[in-house]
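Understanding the architecture of this molecule
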Protein chains: 4
Amino acid sequence: MKVILTKDYDELSKVAAQMLLGEMFQRHERVNLAITAGTTPIGMYEKLVAEVRDKDYFDNVHYYNFDEIPYKSGRREGVTIGDLRELYFTPAAISDEQIHVLDGENYEDQDRRIAEAGGLDAILLGIGADGHYCGNLPSTTSFNDFTTKVDCDDAMKERIAPHFEDRAETPDFYVTMGPRSVMNARHLILFASGEKKAKIMKAFIEGAITDEIPASILKMHPHLTVILDEAAAKLLDKEK
Amino acid sequence: MKVILTKDYDELSKVAAQMLLGEMFQRHERVNLAITAGTTPIGMYEKLVAEVRDKDYFDNVHYYNFDEIPYKSGRREGVTIGDLRELYFTPAAISDEQIHVLDGENYEDQDRRIAEAGGLDAILLGIGADGHYCGNLPSTTSFNDFTTKVDCDDAMKERIAPHFEDRAETPDFYVTMGPRSVMNARHLILFASGEKKAKIMKAFIEGAITDEIPASILKMHPHLTVILDEAAAKLLDKEK
Amino acid sequence: MKVILTKDYDELSKVAAQMLLGEMFQRHERVNLAITAGTTPIGMYEKLVAEVRDKDYFDNVHYYNFDEIPYKSGRREGVTIGDLRELYFTPAAISDEQIHVLDGENYEDQDRRIAEAGGLDAILLGIGADGHYCGNLPSTTSFNDFTTKVDCDDAMKERIAPHFEDRAETPDFYVTMGPRSVMNARHLILFASGEKKAKIMKAFIEGAITDEIPASILKMHPHLTVILDEAAAKLLDKEK
Amino acid sequence: MKVILTKDYDELSKVAAQMLLGEMFQRHERVNLAITAGTTPIGMYEKLVAEVRDKDYFDNVHYYNFDEIPYKSGRREGVTIGDLRELYFTPAAISDEQIHVLDGENYEDQDRRIAEAGGLDAILLGIGADGHYCGNLPSTTSFNDFTTKVDCDDAMKERIAPHFEDRAETPDFYVTMGPRSVMNARHLILFASGEKKAKIMKAFIEGAITDEIPASILKMHPHLTVILDEAAAKLLDKEK
């Protein structure tokens, strides 16, 4: 684990963008990236769009979403891929052939598809205040899981409902790459910004590996990079 | 995880030897291997000695022990390195410059030494019927540990005492590479032979990742190879 | 370049077999090997067949021939693939799905096919007394060539005619991976046995890089292993 | 070989900077880069300085110069390292421990030093209108050379004299990493900007591999990236 301390959100966004660009340039052959939606990457995608849009030298880069909350009716694409299109794929003009959608139908195939495409070169992950990453929330998946379907109880439905304008679209399940799927990537990049992440980052970096903090297992990966801004790092033991 | 089923101990020994030879030939620059003592590797070392002895094209291969039970008096080298010398280093005529001893004095330096030497290319591990590997026995280390010292309570002293002709030499502690040290290796090779390992191998391969079975964490590694003979595999679910 | 000096043909065959087995075990995902026919590898294939036959843990290994002399009539497979079947594929019971034939029809596709399959992990090459490797004979290809078709003049037809019982089957052309195709492999393994190779091996190892000795370009590769027996090495400068 | 066409010098500079940052982030352990002085990289170093200065997460990056023209008196450091300090090391506040100087005294040690440090991850190269790279000018080194000393005849002295305010400092020799040293790097990055490079880039990309164009040998490397701006690419065959 390497911890990169940046001074603010802008530097964090820049470092994350540079790291992904580095992966894209690293090989001439197909490069496979799994990337995150959410709020943390907004600044990074802004920078990335400027560098990637209309640049045919990135045609070898392929993208995967690592979780999905489908619409119950199935009338439109899921929440995660929709967010990724808005944040990155559409403004960066990424072609459809480079986008590999995980959804509620094909999740059992996700790990095989990725393996056959040569494996993930990198996966960019956010972390929740509860220690979740992808759809691996406390009590939903176990360390042993590959890509899987998670049934939503009422509490979970309440939690994911805000993603849907029409609450009736809240699904009974979501899908996510599991801990073992994620650990198969060659490079894990986890980033966290802001004071609201300070407590979990202290627990993540300094604490035990426990299924109460699902992300803690990622510390076992031989190539994990953690990017923090000052606010997210403020509770860390200064001695280290 | 790739599981290699061999028909008997001889094939298991051959496959393990071929795999280590493969690592040795893989790079012209320094190759770093951490290897195991014990009974499982006896057949493998016999084969390996024949291939390695007096072959100067293996001068780039360096060896590490991953745990050590020191003699209390400190009058002689520890149990593990002594066994490795007898099983392999001496009959294969490995030079001292290629042997990097972990002992009760230098353990805090082990992870840094290995990182500075370029990291471990492979680590060959046995597994105990209790799910231990290296010196990571249930209730001794946690998943979060790097190389560490383990204090021996009376039960542990009883357990390790048979290693010492003079029981007064039984030490108050031993040292071991911890889970995170092991997970930093580029290739984990775990092998198990015989019916007495059948139960733990079923739990390891098919069961959960839990600190009750310390080795179970190794399943999270992106490049783990498991070698079994038929007897050790006899309880595995045939469908898989 | 690493030069491995073995004492005789048997050790050379063993080392080459171990090196290929090492490549096969190195990755769990698809492994791609291009291998040579001819007389040098006979001993190696004998050893390899014993280790590979009926071992399903090698199902991830795929094989390519790197040159081909087609039958003029097209009534049967070419000379190289025929030899490889006899020497290795048939006795080792390699399945058809693992054999990727280069022939007079598909040669323009060879480099793209290999790139899309992830590139060659290793290529095992012999060397001729005239410094040729694959079908890269002096004055036939240039360093700049990828896989290509070589038209045969009368001298060349005379040279290749002995491969055909019915001389009328001698073709007007052959195909070969070119220097740049070969240099794209991750590991080049070149072996030479016997006194008849001593002179070319001295020129290869100690001499200049020149298109008069086509194989000399291989010295520019960052990962080239040369395996020699004592007879092939007898003219080498002992000081080095 | 991958050819990246950029629209102008600014994009070329940005892509080169991103590629080097990508190498720096690619590994947590020591990263070794050999970088070029001259005029082409001026824009790139400006961008790089802004990203690297005072960023301790780049402490693992080590730098090498690949050629040197020493002052005859030896009273000050050579021309290349002086330029690199001015362009990059000083404004980016790179520490002395990260700078590994090649000079007229230690050149015989350069290849061994680099190998022992783990090899070069990348080498960034310019190209001269005469096809030279590093100090490999036509008729000075041969493809077979490692790091070497080149004696300067009168014509060469005339050529390098403008580097010295006091012409009496023009040396009788210079040193350079040779073709085989350069080919040992894991990634070759060659960039060229401006119309004055258009002719050589056409010859480099479309022409033969010949010692009349020393850089042409670099096309044999399995991982070569070429970055051009529109002016440098203007003579390229548009069909390709």
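Residues numbered from 1 in each chain as written. Chains lettered and ligands numbered in written order. Predicted model: local features only at pLDDT ≥ 70, side-chain atom pairs only at ≥ 80, totals over all residues. Heavy atoms only, no water.

By the naming in an unreviewed UniProt entry, chain A is 6-phosphogluconolactonase, taken from Enterococcus silesiacus.

A word on the pairing of strand 3 (residues 61–65) of chain D
Residues and elements named next belong to chain D. Quick note on the threshold: Working definition: with a 1.4 Å probe on protein chains only, accessible area under 20% of the residue-type maximum means buried, over 50% means exposed, and in between means partly exposed. Numbered from the N terminus, helices here are DSSP runs of H or I no shorter than four residues, and strands are runs of E no shorter than two. Here a strand pair is declared whenever DSSP counts at least two bridges between the two strands. Place the viewer so that the strands point away; then a crossover is right-handed whenever the path from the first strand over the helix to the second strand goes clockwise.
Burial analysis of strand 3 places five of its five residues in the buried class, the great majority of the element. Burial of strand 3 is two-sided: the residues Val61, Tyr63 and Asn65 facing one way and the residues His62 and Tyr64 facing the other way are all buried. In this sheet, strand 3 lies alongside strand 2 (residues 31–35) in parallel orientation, the contact comprising five bridges. When the bridges of strand 3 are listed, Ala34 appears paired with Tyr64. Considered for its hand, the β-α-β crossover made up of strand 2, helix 2 (residues 42–52) and strand 3 is right-handed. Of the pairings in the sheet, the one linking strand 3 to strand 5 (residues 99–100) comprises two bridges and is parallel in character.

Side note on the relation of the copies chain C and chain B
Rules: Here the copies are matched by least squares. The fit uses the C-alpha atoms of residues with pLDDT of at least 70 in both.
With an RMSD of 0.0 Å, the fit of chain C onto chain B corresponds to turning through 180° and sliding 0.0 Å along the axis. In symmetry terms, the pair is related by a two-fold rotation axis. No C-alpha of chain C lies nearer the rotation axis than that of Gly22(C), which sits 1.6 Å from it.

A word on the pattern of salt bridges
All names here are of chain B. Stated formally: Should a side-chain nitrogen of Lys or Arg be within 4 Å of a carboxyl oxygen of Asp or Glu, the pair is scored as a salt bridge.
On inspection of all chains with the given rule, the structure shows 61 salt bridges over all chains. Measuring nitrogen to oxygen at the nearest pair gives 3.0 Å for the salt bridge that ties Asp121 to Arg186. Of the two residues, Asp121 sits in the loop between helix 4 (110–116) and strand 6 (122–125) while Arg186 sits in the loop between helix 6 (179–183) and strand 9 (188–192), which places them 65 residues apart along the sequence. A relative accessible area of 6% means that Asp121 is categorised as buried. Under the relative-accessibility criterion, Arg186 is labelled partly exposed at 40%.

Some points on helix 1 (residues 9–26) of chain A
Which entries qualify depends on this criterion: Helix span, as expected, comes to 1.5 Å for every residue beyond the first.
With 18 residues, helix 1 of chain A ought to run about 26 Å at 1.5 Å a step, and its terminal C-alpha atoms sit 25 Å apart, in line with that. Counting buried positions along helix 1 of chain A gives 15 out of 18 residues, so the element sits mostly inside the fold.

Here we look at a nonpolar patch on the surface
Rule in force here: Surface patches are drawn from residues lacking salt bridges whose relative accessible area is over 30%; two like charges belong together within 9 Å, two nonpolar side chains (Val, Leu, Ile, Met, Phe, Trp, Tyr) within 5 Å. For the area figures, the Shrake-Rupley method with a 1.4 Å probe applies, and any residue is considered shielded solely by the protein chains shown.
Together, Met1(A), Val3(A) and Leu5(A) make up an exposed nonpolar region whose accessible area comes to about 220 Å². Summarising the element assignment, Met1(A) is placed in the segment before strand 1 (2–5).

Brief notes about the packing of aromatic side chains
All names here are of chain A. How we decide: The rule is short: rings of Phe, Tyr and Trp, with Trp giving its six-membered ring, pair when the centres are within 6.5 Å, and they are stacked under 30 degrees, edge-to-face over 60, tilted in between.
Inspection of every chain in the model, using the stated rule, returns 32 aromatic pairs over all chains. Between the aromatic rings of Phe25 and Phe58, the centroid separation amounts to 4.9 Å while the plane-to-plane angle is 50°, which identifies the pairing as tilted. Of this pair, Phe25 sits in helix 1 while Phe58 is found in the loop between helix 2 (42–52) and strand 3 (61–65), placing the two residues 33 residues apart along the sequence. Judged by relative accessible area, which is 6%, Phe25 ranks as buried. Residue Phe58 is classed as buried on the basis of its relative accessible area, which comes to 3%. Through pairs of rings, three or more aromatic residues link up here, namely Tyr45, Tyr63, Tyr88 and Phe89.

Things to note about the interface of chain C and chain B
Applicable threshold: Note on contacts: a residue pair qualifies if any of its non-hydrogen atoms lie within 4.5 Å across the two residues. Buried surface area refers to the total accessible area, computed with a probe of radius 1.4 Å, that the two partners give up upon joining, counted for both partners together.
In this assembly, 25 residues from chain C lie in contact with 24 residues from chain B. When the two sides are added together, the surface that chain C and chain B hide from each other amounts to roughly 2200 Å², 52% of it contributed by carbon and sulfur. The largest contributions to the chain C side of the interface with chain B come from Phe25(C), His28(C) and Tyr57(C), which together make up 32% of the buried area. Counting the contacts that link chain C with chain B gives two salt bridges. A salt bridge links Lys14(C) to Glu51(B), with the nearest nitrogen and oxygen atoms 3.1 Å apart.

Observations regarding the relation of the copies chain A and chain D
Taken as rigid bodies, chain A and chain D are interconverted by a rotation of 180° and an axial shift of 0.0 Å, the fit giving an RMSD of 0.0 Å. When you check the interface residues of chain A against chain D, 100% turn up at the interface there too, and the contact is symmetric in its surfaces.

Quick notes on the UniProt feature "domain: Glucosamine/galactosamine-6-phosphate isomerase" (unreviewed entry) in chain A
What counts here: UniProt positions are given in the numbering used here, feature names are shortened, and annotations may be inferred rather than shown by experiment.
Mapped onto this numbering, the UniProt entry gives "domain: Glucosamine/galactosamine-6-phosphate isomerase" (unreviewed entry) at residues 21–219 of chain A. Across residues 21–219 of chain A, the secondary structure splits into 28% helix and 16% strand, with the terminal C-alpha atoms separated by 23 Å.

Section: the packing of helix 1 (residues 9–26) of chain C against helix 2 (residues 42–52) of chain C
All names here are of chain C. Using the following cut-off: What counts as an axis is a line fitted to C-alpha atoms, over the stretch in contact for a helix, and the angles between N-to-C directions run from 0 to 180 degrees. Throughout, the term roughly parallel applies to angles under 35 degrees, roughly antiparallel to angles over 145, roughly perpendicular to angles from 65 to 115, and oblique to all others. Two helices that cross are described as forming a left-handed crossing if the nearer one is turned anticlockwise from the farther one by less than a right angle, and a right-handed crossing if clockwise. Only Asp, Glu, Lys and Arg are considered charged in this grouping, and only Ala, Val, Leu, Ile, Met, Phe, Trp, Tyr, Cys and Pro are considered nonpolar; every other residue, Gly among them, is considered polar.
Between helix 1 and helix 2, the shortest axis-to-axis distance is 8 Å and the interhelical angle comes to 45°. Classified by the angle their axes make, helix 1 and helix 2 are oblique. With respect to the hand of their crossing, helix 1 and helix 2 are arranged in right-handed fashion. From helix 1, Tyr9, Asp10, Ser13, Lys14, Ala16, Ala17, Leu20, Leu21 and Met24 reach across to helix 2, where they touch Ile42, Gly43, Met44, Lys47, Leu48, Glu51 and Val52. Residues that form the contact of helix 1 with helix 2 fall into these classes: ten nonpolar, two polar and four charged.

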